[in-house]
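Chain residues, written in single-letter form:
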Amino acid sequence: MSSISGVETGTPDELFRPLSPEQAALLELNPHPVLVLDAQFRIRFVNAASVAYGNVDRTTLIGRNVWDRYPELRDSLFSRAYEAVLREGTAQTFEDRDLSKERWQSIYAYPADGGVIAILKDVTEQRRSQRALLASEQALARAQELAAIGSFAYSQHDGLQLSAEAYRLLGIDPVTNAQPLDVVRSRIFRPHRDALTAALMRTREGGDIRQLVQFERFSDGQTVMFDVLIRVGRSEAGQWAQLYGTVQDVTARVLADEALRRSEETLRLAQEAANIGSFDRDLRSRRTVWSDQLLRIVGLDPATADLTRIDRDPEMNFVHPEDRPLLRQTMQRAITTGEKQVVRHRIVRKDGELRHMLGSAMMVRDAAGAPARVVGTAIDITEQVAADEQRQ
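Residues numbered from 1 in each chain as written. Predicted model: local features only at pLDDT ≥ 70, side-chain atom pairs only at ≥ 80, totals over all residues. Heavy atoms only, no water.

Participant: Describe in detail the environment of Ile149, supporting the description with residues and values.
Facilitator: Of note, Ile149 is situated in strand β8 (residues 149-155). Residues Ile149 and Phe226 lie 77 residues apart in sequence; the distance between their C-alpha atoms is 9.5 Å. (Helix = DSSP H or I, 4+ residues; strand = E, 2+ residues; numbered from the N terminus.)

Participant: Describe the sheet that holds strand β17 (residues 371-380), and please don't skip the residues or the numbers.
Facilitator: As summarised here, the arrangement of the 5 strands in space is β14-β13-β17-β16-β15, forming an open sheet in which the pairing is antiparallel. Each of the sheet's edge strands pairs with one partner strand only, and the pair in question is β14 (287-290) and β15 (341-348). On average, each strand axis in the sheet is tilted by 25° relative to the strand beside it, whichever way the strands run. The strands touched by helix α11 (residues 324-337) are β13 (276-282), β15, β16 (354-365) and β17; relative to β15, the strand with the most contacts, the crossing angle is about 150°. Contacts from helix α12 (residues 382-391) reach β15, β16 and β17 within the one sheet, and its direction differs from that of β16 by about 125°. (Pairing = 2+ DSSP bridges. Axes fitted to C-alpha atoms, helices over the stretch in contact; angles between N-to-C directions. Contact = heavy atoms within 4.5 Å.)

Participant: Help me get a handle on helix α4 (residues 77-88), residues and values and all.
Facilitator: Between the first and last C-alpha of α4 there are 16 Å, a value that for 12 residues agrees with the 16 Å anticipated at 1.5 Å per step. When α4 is considered as a whole, its buried residues turn out to be Phe78, Ser79, Ala81, Tyr82, Glu83, Ala84 and Val85. Where α4 begins, one side-chain oxygen reaches toward the backbone nitrogen of Phe78, 3.2 Å away; that side chain belongs to Ser76. Count one or two residues on from α4 and you reach Gly89, which has phi positive near 70°. (Expected span 1.5 Å × (residues − 1). Buried < 20%, exposed > 50% of the residue type's maximum accessible area, 1.4 Å probe, protein only. Polar contact = N/O pair within 3.5 Å; in protein donor to acceptor, adjacent residues only side chain to side chain.)

Participant: Provide a residue-level description of the nonpolar core, including the pertinent values.
Facilitator: As a rule of thumb, soluble globular proteins bury nonpolar side chains together. Of all hydrophobic cores here, the largest spans 27 residues; its most connected members are Leu162, Phe215, Phe226 and Ile230. Listed by contribution, the elements that provide at least two residues to this core are β8, β9 (159-162), α6 (164-170), α7 (181-186), α8 (190-202), β10 (208-216), β11 (223-234) and β12 (240-249). Ranked by residues supplied to this core, first place goes to β11 with 5 residues. Ignoring anything within four residues of it in the chain, the contact list for Phe226 reads Leu169, Leu170, Gln211, Leu212, Val213, Phe215, Val247, Gln248, Asp249 and Val250. Judged by nonpolar contacts, the second largest core, of 20 residues, contains Val66, Ala81, Val85 and Ala118. (Core = buried A, V, L, I, M, F, W, Y, C linked by side-chain atoms within 4.5 Å.)

Participant: Quick rundown of the packing of aromatic side chains? Include the residues and the values.
Facilitator: Going through the model one piece at a time under the given rule, you end up with 8 aromatic pairs. Between Phe41 and Trp67 the ring centres are 5.5 Å apart and the planes differ by 55°, which places this aromatic pair in the tilted class. One end of the pair, Phe41, is in the loop between β3 (34-37) and β4 (43-46); the other, Trp67, is in helix α3 (residues 66-69), with 26 residues separating them in the sequence. Exposure remark for Phe41: the relative accessible area of 1% places this residue in the buried category. A relative accessible area of 1% places Trp67 in the buried class. (Phe/Tyr/Trp six-rings, centres within 6.5 Å; stacked < 30°, edge-to-face > 60°.)

Geometric descriptors of this kind do not, in isolation, establish any biological role.
The structure is reproduced here in structure tokens:
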């Protein structure tokens, strides 16, 4: 008796029998490589696909022991699977990676005529595509994690599907606490949820919805703000059947915007109380922005004033004609010296009233150290000037 790894494989003097022409013709039709072994693992047949796949001479294979011909396959997945086929009389399926040729192959081996028939399929392209897809998914997951952006998809057939980052953002454990769409929607602040639902009903197939929503996170009950982008696909009946999009945590940005709004509101109230206006001139674009209080000081309504006219319309120059050279010199000194400049001058309001002002200007540099802006203030000191004149 001969054996490999202790498996009985038949008598050494057992007569070798190649396949009959009829059997060979049938297996020759298989487009995949086919290998036929007897109980002693001698090669009874290989089809033309096997010859091409292995780049071998068929006449040198028939009758040879497969492990003598391919000693590197002894005690391998191949030998263990083929032995199991003979020992158990059941089919075996396995995959192997041929490192010498950088290819993957799937093998199906089953018992037949006292031996083994093995059919090999080259699955290299399939495995490469799977590996490329996995690498792409991993890169996408990493990018989503870095940007705090999750993705999702919903269909009536598959339900709600979330990326790993979307699970994290929503505070959901995908293993122990996966949630259906209705439960996730219930965590959205009611007015935002109603607005989102209304938008979904209005949007046609292929349309996009973008909305800021307030959400109660599952894991800790914290309120977070999400920027949600949804693309809608509808069924033939007109109902939305497919949704896919992204969700980004913008809580920090929303809080920063709110803090900035409050700060600007505080500054506005302070400027109104002290009758102080401010300006900001971009030296590159040559555009100037005035605060609401500065607009009021010169007699304009902030709600209706056209700020685009500040730098191009002579009528928006409210500086007294006699003081304009002095003001230009002051601005230039602020730029060339980089030091704060203070100047007293007069303005003529839109209604013709003469007012006295105390102005300041200071140059601001950009990150590279180049002059970028001139910012300053303008204080209405008309009453103070009048009081000084009375004392004199």
